[in-house]
Amino acid sequence: MTDATSPSPERSSDGRDVGLVGLAVMGQNLVLNLAEHGYRVSVYNRTTETTDEFVARQEFGDHIVGYETIEQMVASLSRPRRIILLVKAGVVVDKVIESLTPFLDDGDIIIDGGNSLYTDSTRRQTALADHGIHFVGAGVSGGEEGARNGPSIMPGGASQAWPHIKDMLQAISAKAGPGQDEPCCDWVGPEGAGHYVKMIHNGIEYGDMQVLAEAYALMSAQGQSNSEMATTFDQWNQGRLKSYLVEITSEILAHTDDDGVSTIDVILDAAGQKGTGKWTVISAMELGQPMMLVAEAVGARMVSSFVETRAQAQQLLPGPTDGAGSDLELTLDDIGDAIYAAKLISYAQGFMTLDAASSEFEWNLDLGSVAKLWRAGCIIRAVFLDDIARAYAEQPDLENLLFDPFFVDALSSAVGGLRRTVVAATAAGLAVPAYASALTFYDGFRTARGSANLIQAQRDYFGAHTYERLDKPRGEWFHTDWVGSGGAAVSGSYSA
Ligand code: NBP
């Protein structure tokens with residue numbers, strides 16, 4: 001990580017410091033952040049009224065100037081031109097790039113700060129390199145508040161761009177570390193690496209939210225009031241679970257509408273999603289990595305969206321008891337342990353996926369540095385990201401986070417509570433997909449001799465897929481004639 005110093009941006013007399021396209025919630029807030037750090041920003045939005053209203057309303061004077069056309073905006077910038085895109089992800093990014101490129105020159109830089117799919121960023125970097133333009137896919141996390149006051153920024157792509165954008169992006173990013181002066185922004189890697197890391201961040205965010213929603217469900221079933229739960233989450237936020245999501249969960253549970261009704265009680269229990277969780281799971285599967293807690297979180301949102309169907313099913317399908325949860329007797333310590341253990345396992349799965357992506361795409365990701373980027377500014381910011389960063393700093397070749405002594409100790413103390421929570425919730429007929437998935441992964445992962453020998457035998461039986469044997473070296477493959485005459489096994493050596 002590099003220290004960011006704040007803002008005395010290098011000035012070029014012939015133009016403004018940076019351009020930004022897309023003045024919706026993220027764009028407007030990032031522009032204000034840039035202006036506050038002394039950067040002179042030229043802004044453009046497809047709908048000109050939005051530009052006019054924004055520029056008229058902001059308080060940074062001519063640090064922010066609006067333009068009616070992309071051409072005018074580009075012409076206002078010093079070279080190499082630096083242009084940030086914060087438009088709707090997908091085809092819109094391609095359209096905006098298409099309208100920008102005729103006005104750009106060799107060495108100019110486009111930074112896509114939206115939630116683009118990493119494969120799109122890889123494609124865009126390659127295509128723009130043909131025009132001499134450096135493309136950077138930068139994941140930006142922290143929502144509206146982060147964009148305004150300091151997001152976590154994960155830039156990747158054309159590394160030639162980094163020296164020209166480093167000071168600016170690090171200046172406006174969140175800061176972490178003992179002196180709160182380490183920027184949560186550093187170069188991630190080539191191609192779509194920045195957006196990949198952001199995608200995994202979002203997947204983990206889905207998992208964290210589901211883990212907390214399950215705690216809320218269990219405590220509600222045990223009769224805790226919303227204000228009692230708010231206090232519990234607040235207490236959890238003072239210790240090892242300290243994180244942005246635990247903090248806002250406490251605030252949400254304490255919130256009442258003007259009529260005194262708890263706001264949480266009147267919100268429909270159907271979760272939306274924009275797709276980054278699904279992308280994470282697809283990529284993890286493609287890389288052969290079991291990011292199962294996030295998969296369960298994505299699935300749970302899907303089940304939640306079946307509002308009418310669930311109401312029908314409740315009438316038809318029996319649970320283990322008449323009043324689900326009425327016989328739950330979990331302590332708050334058990335539920336706190338379940339949250340903690342499930343999170344540790346989820347992050348381990350996330351970093352397994354990052355490690356696999358780094359190898360597969362030859363990105364050479366620094367996993368400790370990734371953990372540092374997530375310590376502040378982003379939605380999953382949490383104290384235990386320091387523990388992950390430390391684990392990788394101490395052992396850069398750490399095979400799996402769960403082998404780090406801190407994780408071994410932390411899981412040893414918390415997994416009992418997770419187990420009791422899963423057993424009790426399941427017996428009571430309450431769905432805890434994230435906890436159950438975490439525990440199942442944990443138990444499978446620590447089982448030296450599992451049951452996949454039967455799966456291999458089945459595969460060999462119906463498809464002659466061959467298998468390896470315990471009494472032969474790895475890499476030698478055998479086939480058995482399972483239904484041959486007299487049932488005798490015929491084995492031989494096969495290439496894999
Ligand atoms: P949106 O994702 O809602 O996109 C709206 C912006 O895209 C507006 O400026 C709009 O211009 C522009 N746009 C569209 Br739509 N079609 C266009 C076109 N054909 N040509 C040019 N511009 C077009 O904005 P957002 O919520 O601020 O998010 C921006 C990016 O940041 C997205 O990729 C998002 O996924 C990501 N992100 C958002 C958050 C968040 O909390 N919202 C957090 C992290 C990342 P218009 O005004 O003319 O319609």
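Up top is the structure these notes are about.
Predicted model only: the values in this text are computed from it and were never measured. (Residues numbered from 1 in each chain as written. Predicted model: local features only at pLDDT ≥ 70, side-chain atom pairs only at ≥ 80, totals over all residues. Heavy atoms only, no water.)

**Overview of helix α12 (residues 292–304)**
Between its first and last C-alpha, α12 extends 18 Å over 13 residues, near the 18 Å set by a 1.5 Å rise per residue. By the burial criterion, the buried members of α12 are Leu293, Val294, Ala297, Val298, Ala300, Arg301 and Ser304. Angular distribution of buried residues about the axis of α12 spans 155 degrees; they occupy a single face of the element. If you follow the buried residues of α12, they end up packed against α8 (193–221), α11 (276–286), α13 (307–316), α14 (332–361) and α18 (433–445). (Helix = DSSP H or I, 4+ residues; strand = E, 2+ residues; numbered from the N terminus. Expected span 1.5 Å × (residues − 1). Buried < 20%, exposed > 50% of the residue type's maximum accessible area, 1.4 Å probe, protein only. Arc of directions from axis to C-beta. Contact = heavy atoms within 4.5 Å.)

**Examining the pairing of strand β4 (residues 82–85)**
Residues in a regular strand project their side chains so that they alternate between the two faces of the sheet. Residues Arg82 and Ile84 point to one face of β4 and Ile83 and Leu85 to the other, with burial holding for every one of them. In this sheet, β4 lies alongside strand β1 (residues 18–21) in parallel orientation, the contact comprising 3 bridges. Among the inter-strand pairings, Leu20 is bridged to a residue of β4, identified as Ile84. Bridge analysis of β4 against strand β5 (residues 109–112) gives 4 bridges, and the strand direction is parallel. Note that in β5 the partner of Ile83 across the bridge is Ile110. A crossover connection joins β4 to the parallel β5 through helix α4 (residues 91–100); in handedness this β-α-β unit is right-handed. (Pairing = 2+ DSSP bridges. Right-handed = clockwise from strand over helix to strand, strands pointing away.)

**Focus on the environment of Ile264**
Tracing the backbone shows Ile264 in the loop between α10 (244–254) and α11. Spatially, the C-alpha atoms of Ile264 and Ser225 are 11 Å apart, while their sequence positions differ by 39 residues.

**Here we look at the side chain of Asn45**
If you trace the backbone, Asn45 turns up in the loop between β2 (41–44) and α2 (48–57). In this structure the side chain of Asn45 is engaged in a polar contact, spanning 2.7 Å, whose partner is the backbone nitrogen of Leu23. Among all residues touching Asn45, those that are not within four sequence positions of it are Gly22, Leu23, Thr50 and Thr51. (Polar contact = N/O pair within 3.5 Å; in protein donor to acceptor, adjacent residues only side chain to side chain.)

**Focus: the site of the ligand**
Around the ligand sit 18 residues in total, of which Met26, Asn45, Arg46, Thr47 and Asn115 are the nearest. Val25 places a main-chain nitrogen or oxygen 3.4 Å from an oxygen atom of the ligand. Within the backbone of Lys88, a nitrogen or oxygen atom sits 3.2 Å from an oxygen atom of the ligand. For the ligand, whose free accessible area comes to 910 Å², the fraction covered by protein is 74%. Residue classes in the shell around the ligand are distributed as 10 nonpolar, 6 polar and 2 charged. (Near = heavy atom within 4 Å. Areas by Shrake-Rupley, 256 points an atom, 1.4 Å probe, with all protein chains shown as cover. Nonpolar A, V, L, I, M, F, W, Y, C, P; charged D, E, K, R; others polar.)

**Let's talk about the packing of aromatic side chains**
One pass over the full model with this rule turns up 18 aromatic pairs. Judged by centre distance (4.7 Å) and plane angle (85 degrees), the rings of Tyr118 and Tyr196 are edge-to-face. Taken together, the positions of Tyr118 in helix α5 (residues 118–129) and Tyr196 in helix α8 put the pair 78 residues apart, joining distant regions of the chain. The residues Tyr118 and Tyr196 share a single accessibility class, namely buried. Among the aromatic side chains, those forming a connected cluster through ring pairs are Tyr340, Tyr347, Phe384, Phe406 and Phe407. Between Arg301 and the ring centre of Tyr206, over which it is positioned, the NZ or CZ distance is 3.8 Å. The ring of Phe478 has Arg469 sitting right over it, with the charged end atom 5.9 Å from the ring centre. (Phe/Tyr/Trp six-rings, centres within 6.5 Å; stacked < 30°, edge-to-face > 60°. Lys NZ or Arg CZ within 6 Å of the ring centre and 35° of its normal.)

**Concerning α10**
Each full turn of the α-helix corresponds to 3.6 residues, which orients residues three or four apart in the same direction. Among the residues making up α10, those that are buried are Leu245, Val246, Thr249, Ser250 and Leu253. Along the axis of α10, the buried positions cluster into a sector of 140 degrees, meaning they face one direction only. Where α10 is buried, its residues contact α8 and α9 (226–236).

**Here's the deal with the state of the cysteines**
The final tally for this structure, using the stated rule, is 0 disulfides. Residue Cys184 stays outside any disulfide, its sulfur separated by 7.1 Å from that of Cys378, the closest cysteine. Of the residues examined, Cys184 reaches a relative accessible area of 0% and is grouped as buried. (Disulfide = S-S within 2.5 Å.)

**A look at the environment of Thr331**
Relative to the assigned elements, Thr331 resides in the loop between α13 and α14. Sequence separation between Thr331 and Val261 is 70 residues, and the spatial gap between their C-alpha atoms is 27 Å. At 2.9 Å, the side chain of Thr331 and the backbone nitrogen of Asp334 are in polar contact.

**A closer look at the packing of α12 against α14**
Describing two packed helices takes the angle between their axes plus the distance from one axis to the other. Contact geometry of α12 with α14 gives a least axis separation of 8 Å together with a crossing angle of 105 degrees. One way to sum up the angle between α12 and α14 is to call them roughly perpendicular. Contacts between α12 and α14 pair Met292, Leu293 and Val294 from the former with Ala342, Ser346 and Gln349 from the latter. When grouped by side-chain class, the residues that make up the contact of α12 with α14 number 4 nonpolar, 2 polar and no charged. (Axes fitted to C-alpha atoms, helices over the stretch in contact; angles between N-to-C directions. Parallel < 35°, antiparallel > 145°, perpendicular 65-115°, else oblique.)

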